[in-house]
Amino acid sequence: MEGRAFVVLLVIASLIVLAENTDHKNAIEIYSLHVDSTVTSRFAHTVITSRLVNKVNESREAIFEVELPKTAFITNFSMSIDGETYPGTIKEKASAQEQYDIAVSHGQSAGLVKTTGRKLEQFHVSVNVASDSKVTFELIYEELLKRQLGKYELLFKVRPKQLVKHFQIDVHIFEPQGINFLETDSTFMTNELTEALTKVQNETKAHILFKPTIGQQKKSPELEETLLDGDFIIRYDVKRSVSAGDIQIVNGYFVHYFAPSEMPTFPKNVIFVVDQSGSMSGRKIEQTRDALLKILEDLRPEDHFSLITFNSLVTEWKNTLLQATGQNVESAKRYVKTVMARGGTDINNALLTAANTLDKASYAEILQAHSISMIILLTDGQPTVGVQDVEIIQQNIQKAIKGKYVLYCLGFGFDVSYKFLEKMALDNGGIARRIYEDSDSDLQLQGFYQEVATPILKDIEIQYPENSILELTQNSFKLFFDGSEIVVAGRIDNELDVLPVEIQAQSHTSNLIFKEEANVREKEKVFQHQKYIFGNFIERLWAYLTIQQLLEKSISAQEEQQKNLQVARALELSIKYSFVTPLTSMVVTKPDDQQKLHLANKPTESDNEKSRVTGFSGNKLTKSHITKALSYRRHHDQSMLRSDGYFDVSLARDYVHRAPKTVFRTVQTTAQLLTNEYPHFLFQLPRQNDVICLNIDGQPQAYINLISDPDKGVSVTGKLGRNRNHFVLFEITNLDPHVQLRVSKEGTVLSYGGHTTKLPWTKSASSTVQGLKIAVEKERSLTMSASANITIKITFIKSPNRFLGLYFMDTDHFSDKASGLLGQFYFDTHLESNPGASQGEDERVLSVHGQKHRVTRKNKKDYRQESATGIISCWSLHITP
C-alpha cells in the first residue's frame with residue numbers, strides 16, 4: 001500500500017475522533033463530524049457521519065473506529081468514496097463466519113467489532129484514500145435506554161485530537177409522558193465552549209445542540225490544539241403518576257412503561273458471599289473491603305444480613321442472619337477489615353452454605369413474613385476446590401435455592417467465566433455483572449448494590465387481552481426496584497379499539513391491582529407528524545427487546561429443543577430488522593480490495609475473558625478443537641487468541657484424557673511456542689486496548705530512569721540483572737507523602753520520616769502512610785496505591801529464574817509531563833498501520849511523540865499477577881535507553 005496510515009477514531013455514547021499524521025499536519029483532515037441522536041420514548045437512534053479528505057499527494061489509509069454501547073445493535077454501515085457507496089450487509093453469523101474463516105486462512109480478513117471496556121464495544125474499518133479524495137463514513141445503531149437509579153443517561157466521550165471545522169452533537173428527545181428533568185454535564189467545558197451549547201425544552205420535547213466553532217475548540221488562539229477531550233453527558237427522566245404506567249402505540253405495535261415510585265421498601269435478607277482466595281489479593285481485596293464497609297452502612301435497620309467468605313474453606317461471620325442494627329453493622333465491619341486473600345476457590349460450598357443459612361433463618365421465623373431474600377456472590381476466578389464442574393455447581397445451587405431466593409453474581413475481572421456466573425444467576429431469578437479491575441472497582445460494587453437495595457414490588461404480573469395481543473415480550477417479573485423501569489411491548493390486533501391492561505403486584509404492605517385502558521386511535525395520534533420519530537420505532541423497539549429476551553432465555557433454557565427454538569426466532573428477527581446481534585454478522589467489502597472481507601460480530605461479555613495455561617482439564621473435546629490445535633503451527637491461527645490477546649486454552653482442555661498422543665504433543669508444542677519468554681515490561685497504551693511488550697538493550701547492573709511524573713509526584717528507577725534478561729531491583733519514590741521503596745528479590749525496604757521498615761517476601765504485610773497504601777502478598781507481589789490515583793505493582797517471579805516484573809494499573813492518570821523509558825509512552829503515543837510490512841507479518845508502526853518504531857505482534861509470557869500463568873499477544877518492541 002502506498003503512503004502511511006492515519007487513524008480516525010470516534011466514540012459515541014461514547015464519541016472519540018482521532019486523526020494523526022506522520023509527515024504532514026492533518027494530511028487526513030476531518031472536515032465534518034456529525035452525531036445525530038434521536039430519542040423517541042426511550043428508544044435511541046444514532047447516526048454518526050464523518051467526512052474526511054486526503055490533502056497530500058499520495059494515498060493514505062483512514063481507519064474509522066466507533067465505540068458504541070454494549071446494549072446497542074448496529075443496524076447499518078456504509079462508506080462513500082468519490083460518489084460511490086459501499087454498504088455493509090447483515091447475514092446469519094454461521095454462514096458469514098464460514099466465509100470469513102476461509103479469508104482468514106489466506107490472510108485476507110480482519111474483525112470489525114471487539115469489546116473495549118465495561119460499557120463499550122468498538123467498530124473498526126479501514127479504507128485506502130487516494131490523493132485529494134473524500135470519504136464519508138456512516139454508522140447507525142439503535143438501543144433502548146435503560147432507567148437506572150431514577151434516570152436515563154446518554155454519554156458522549158469526546159476526543160477529536162484535531163480541530164474540526166463542522167463539529168456537532170445534535171440530540172432530539174421526545175417523551176410523550178413529559179420530561180421531568182433534563183441536565184447536561186461535561187468534564188471539558190469552558191466558558192467559551194458553554195456558548196456553543198444550547199438546550200431548548202418544553203413539556204414533552206428537548207433539543208440539545210453542541211456546535212463549537214474552530215475558535216471555541218482551541219486551547220488558545222496561538223495553538224492548533226483542541227479542548228474537546230472528555231465526557232459530555234445528558235441525563236433525564238420522565239413524569240409519572242401512581243397508575244398502571246404509560247402505553248404508546250404506533251402502526252399496530254405498543255410499548256408499555258411501568259415505573260411506580262413513592263412506595264414502601266421491602267425489608268431485605270441479604271447474604272454477601274465474598275471470594276477471599278489468593279487471586280483476590282492486593283488491590284482487589286482492598287477494594288472489596290472498602291465497598292463492603294460502605295454497603296454495610298447503607299443497610300436499613302429493618303434489613304437482616306450476614307457475611308460468608310470463602311477460599312479453600314467457607315467461613316461464616318455468624319451462623320444466622322442478624323438484624324442490621326448499629327451494633328451488628330459495626331461488628332460486621334470489624335470482621336470485613338480482617339478479611340485477607342489466600343487459598344483456593346470453593347464456590348459450590350460457599351453458595352450452598354448461603355442457601356442453607358437462609359433456609360434455617362426462614363424455618364426459625366427470624367425473617368419478616370413480607371421480605372425479599374437475596375444472595376450476592378462476588379468472585380474473581382474459577383472453582384478450584386471441591387466441586388469444580390460448573391454445570392454440576394449450577395444444578396446444585398438451583399436445587400438448593402428452589403426459586404425462594406434471588407442470586408446475583410458479580411465477576412471481578414476477566415479470569416472468571418462470565419457464562420458460568422450468568423447462567424447461574426438467570427437460573428435463580430437474578431443477573432450477572434462484571435466488575436472491572438480499575439481505580440473505581442469499589443464504586444462499581446457499591447453502584448450495583450444501590451440498584452438492588454430498594455425492592456418495592458414483587459411478583460408483578462401484567463395482563464393484556466389474550467385474543468387481541470400477539471407476540472408479547474416478557475410480562476411477568478419477580479422484583480421491581482425503585483428507580484428502574486419495566487418495559488413490555490407487543491403487537492395488537494388490527495380490530496382492537498381499546499387496549500386494557502391490568503397489573504397485579506405485591507408491595508410490602510398490601511396486594512396491589514392497577515388498571516388502565518388505552519384508546520388505540522387516540523394513542524396513535526400522539527406520534528403523527530412528529531419529526532422526533534424514526535419509522536416504525538415501536539415495532540423496532542419490540543424486535544430489539546424480543547431478541548434480547550430470547551437470547552437471555554436461551555442461556556437458562558433447560559431443554560435443548562427449547563433453546564434451539566428461542567435462538568432460531570432471535571436469528572429470524574435479527575435478520576428481518578437488520579440488527580447485528582450475537583447471531584448475525586455485518587460483512588463489509590473494502591472498495592480498494594473487493595476480495596478483502598471484513599466481518600462485524602456482536603461480542604458478548606464472555607468474549608472479553610482470558611484463559612490461563614493451567615493444565616489440561618475441563619470440558620469436552622471436539623473435532624474443531626483438534627483441528628485448530630493441529631493447524632496452529634502451520635497457519636499461526638489467531639482464532640486461538642481471544643479478543644484481548646490471551647491464548648484460549650479452553651480449546652486444549654481435556655486433550656490429555658481424550659485425544660491421541662499425537663494431538664496432545666501438538667498442543668504441548670503449541671503452548672511451548674507461545675510461552676517462549678517474559679518481556680522486560682508489559683504496559684497498555686493510555687485510553688487504548690493495545691498492549692506493548694518492551695525489551696531493552698541496557699547495560700547490566702545499570703540504573704535506568706523508568707518514569708518520572710512531577711505532576712503526580714511519582715518516580716521509578718530500575719536495575720537490570722547481570723545477564724540483562726530481567727530486572728532485579730526497583731526504587732519507587734513518592735513525594736507526598738515522601739516515601740521511598742526499594743524492592744529487590746530479597747524483599748522491600750520502606751523508608752519514611754527517617755525510619756526504615758523491612759518487608760520480606762516470606763510473609764504478607766501491609767502499611768498505610770498518610771493515605772499511601774503499601775501491601776506485600778507473600779512470595780507474590782507488592783502493590784503501592786498512591787494518592788494520585790496511580791497504582792504500581794511489582795510481581796515476584798521465582799521460576800525459572802527469580803526476577804521482578806513492574807506494571808502500572810492506571811496508565812490514564814499519568815500527566816503529559818511524564819518522562820523516562822516508560823513515561824514517554826503515556827501520552828502522544830499511538831499505533832499506525834505499516835504499509836511496508838513483510839508478507840504474512842503482523843506489523844504496525846508505534847508513534848511516540850512523532851518518533852516511529854516498528855513493532856511486531858508476538859506472544860509472550862505474562863508476568864502480571866492477575867494473569868501470572870497466562871499468555872499475552874502484544875506488540876513487541878526493542879529499544880536502547
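Residues numbered from 1 in each chain as written. Predicted model: local features only at pLDDT ≥ 70, side-chain atom pairs only at ≥ 80, totals over all residues. Heavy atoms only, no water.

Q: Quick question: what am I supposed to make of empty space enclosed by the protein here?
A: Empty space left among the atoms is revealed by rolling a probe the size of a water molecule over them. Under the criterion given, the structure shown has two cavities of 30 Å³ or more. Residue lining of the largest cavity: Phe272, Val274, Thr288, Ala291, Leu292, Ile295, Ile376, Leu378, Leu410, Leu445, Phe448 and Tyr449, and that is the complete set. Taken together, the elements giving at least two residues each to the lining of the largest cavity come down to strand 20 (268-275), helix 4 (283-298), strand 24 (372-379) and helix 9 (441-452). In terms of residue count, the dominant contributor to the lining of the largest cavity is helix 4 (four residues). Along the lines of polarity and charge, the residues of the lining of the largest cavity split into eleven nonpolar, one polar and no charged. Taken as a whole, the second largest cavity encloses approximately 50 Å³ of empty space. If you go around the second largest cavity, the residues you meet are Val274, Thr288, Arg289, Leu292, Leu307, Thr309, Tyr335, Val336 and Val339. Breaking the lining of the second largest cavity down by element, the ones donating at least two residues are helix 4, strand 21 (304-310) and helix 5 (326-337). The leading source of residues in the lining of the second largest cavity is helix 4, at three residues. (1 Å grid on protein atoms, 1.4 Å probe; cavity = no way out; pocket = protein on both sides within 12 Å on 5 of 7 lines; lining within 4 Å. Points joined across faces, edges and corners; volume = space filled by probe spheres on them. Helix = DSSP H or I, 4+ residues; strand = E, 2+ residues; numbered from the N terminus. Nonpolar A, V, L, I, M, F, W, Y, C, P; charged D, E, K, R; others polar.)

Q: I tried to follow the nonpolar core on my own but got confused; where do I start?
A: One recurring pattern in soluble globular proteins: nonpolar side chains tend to sit buried together. Phe681 and Leu806 are the most contacted members of the largest nonpolar core, which totals 57 residues. What leucine 806 contacts, discounting residues up to four positions off in sequence, is Phe681, Leu682, Leu706, Val716, Phe730, Ile792, Lys793, Ile794, Leu822 and Tyr863. In this structure, Val35, Val129, Leu139 and Ile234 belong to the second largest nonpolar core, which totals 53 residues. (Core = buried A, V, L, I, M, F, W, Y, C linked by side-chain atoms within 4.5 Å. Buried < 20%, exposed > 50% of the residue type's maximum accessible area, 1.4 Å probe, protein only. Contact = heavy atoms within 4.5 Å.)

Q: What's the story with the packing of helix 8 (residues 418-427) against helix 11 (residues 537-556) in this structure? I'm lost.
A: Direction vectors running N to C along helix 8 and helix 11 enclose 95 degrees, while the axes themselves pass 8 Å from each other. Here helix 8 lies roughly perpendicular to helix 11, going by the angle between them. Judged by residue contacts, Glu422, Lys423, Leu426 and Asp427 of helix 8 engage Glu552, Ile555 and Ser556 from helix 11. Split into classes, the residues belonging to the contact of helix 8 with helix 11 amount to two nonpolar, one polar and four charged. (Axes fitted to C-alpha atoms, helices over the stretch in contact; angles between N-to-C directions. Parallel < 35°, antiparallel > 145°, perpendicular 65-115°, else oblique.)

Q: What's the story with the state of the cysteines in this structure? I'm lost.
A: Here a disulfide denotes a covalent bond joining the sulfur atom of one cysteine to the sulfur atom of another. The full count for this structure, using the stated rule, is one disulfide. The partner cysteine of cysteine 693 in its disulfide is cysteine 874, sulfur to sulfur 1.8 Å. Taking the sign of the torsion about the S-S bond as the criterion, the disulfide between cysteine 693 and cysteine 874, at about -110 degrees, is left-handed. Taken together, the residues cysteine 693 in strand 36 (residues 691-696) and cysteine 874 in strand 51 (residues 871-879) connect sequence positions 181 residues apart. By the burial criterion, cysteine 693 is buried, and cysteine 874 matches it. (Disulfide = S-S within 2.5 Å.)

Q: Looking at this structure, how should I read helix 8?
A: Think of an α-helix as turning once every 3.6 residues; residues three or four places apart then point the same way. With seven of ten residues buried, helix 8 is to be regarded as a mostly interior element. For helix 8, the set of buried residues is Tyr418, Phe420, Leu421, Met424, Ala425, Leu426 and Asp427. Contact partners of the buried residues in helix 8: helix 6 (347-363), strand 24, helix 7 (390-401), strand 25 (406-412), strand 26 (432-435) and helix 11. Once helix 8 finishes, glycine 429 follows within two positions and takes phi at roughly 75 degrees, a positive value.

Q: Mind showing me how you'd approach the sheet that holds strand 14 (residues 179-186) here?
A: Within a sheet, neighbouring strands are paired by backbone hydrogen bonds and run either parallel or antiparallel to one another. Strand order across the open sheet formed by three strands is 12-17-14, with antiparallel pairing between neighbours. Two strands bound the open sheet, and with one partner strand each, they are strand 12 (152-158) and strand 14. Direction aside, the axes of adjacent strands within the sheet are offset by 10 degrees on average. Inspection of the sheet shows strand 12 paired to strand 17 (residues 230-238) by seven bridges, in the antiparallel sense. From the neighbouring strand, leucine 155 faces strand 17, where its bridge partner is isoleucine 233. (Pairing = 2+ DSSP bridges.)

Q: What is the right way to read the sheet that holds strand 28 (residues 469-470) from this model?
A: Within the open sheet, the four strands sit side by side as 18-19-30-28. Their pairing is antiparallel. Each end of this open sheet is capped by a strand with a single partner; those strands are strand 18 (246-250) and strand 28. Sheet topology note: the strand 18/strand 19 (residues 253-258) ladder contains five bridges and is antiparallel. Pairing of isoleucine 247 across the sheet is with histidine 256, part of strand 19. Together, strand 18, strand 19 and strand 30 (486-492) form the strand contacts of helix 11, whose direction differs from that of strand 19 by roughly 65 degrees.

Q: What is the right way to look at unusual backbone geometry in this model?
A: The step from aspartate 736 to proline 737 runs through a cis peptide bond, and the omega angle for that step is 0 degrees. Among the secondary structure elements, proline 737 is positioned in the loop between strand 39 (727-734) and strand 40 (739-744). Even without being a glycine, glutamate 471 presents a positive backbone phi close to 50 degrees. Relative to the elements of secondary structure, glutamate 471 occurs in the loop between strand 28 and strand 29 (476-481). Even without glycine at this site, glutamate 779 takes up a positive phi of about 55 degrees. Position of glutamate 779 among the secondary structure elements: in the loop between strand 44 (772-777) and strand 45 (781-785).

Q: Where do I start with the packing of aromatic side chains in this structure?
A: Aromatic rings considered in pairs are described by the distance between their centres and by the relative angle of their planes. Within the structure shown, the criterion is met by 27 aromatic pairs. Here the aromatic rings of phenylalanine 305 and tryptophan 317 are separated by 5.2 Å at their centres, their planes lie at 20 degrees, and the arrangement is stacked. Of this pair, phenylalanine 305 sits in strand 21 while tryptophan 317 sits in the loop between strand 22 (314-316) and strand 23 (322-323), placing them twelve residues apart in sequence. Judged by its relative accessible area of 9%, tryptophan 317 falls in the buried class. Its guanidinium or amino end placed over the ring of tryptophan 875, arginine 857 lies 4.3 Å from that ring's centre, counting from NZ or CZ. (Phe/Tyr/Trp six-rings, centres within 6.5 Å; stacked < 30°, edge-to-face > 60°. Lys NZ or Arg CZ within 6 Å of the ring centre and 35° of its normal.)

Keep in mind these numbers describe shape, not what the thing actually does.
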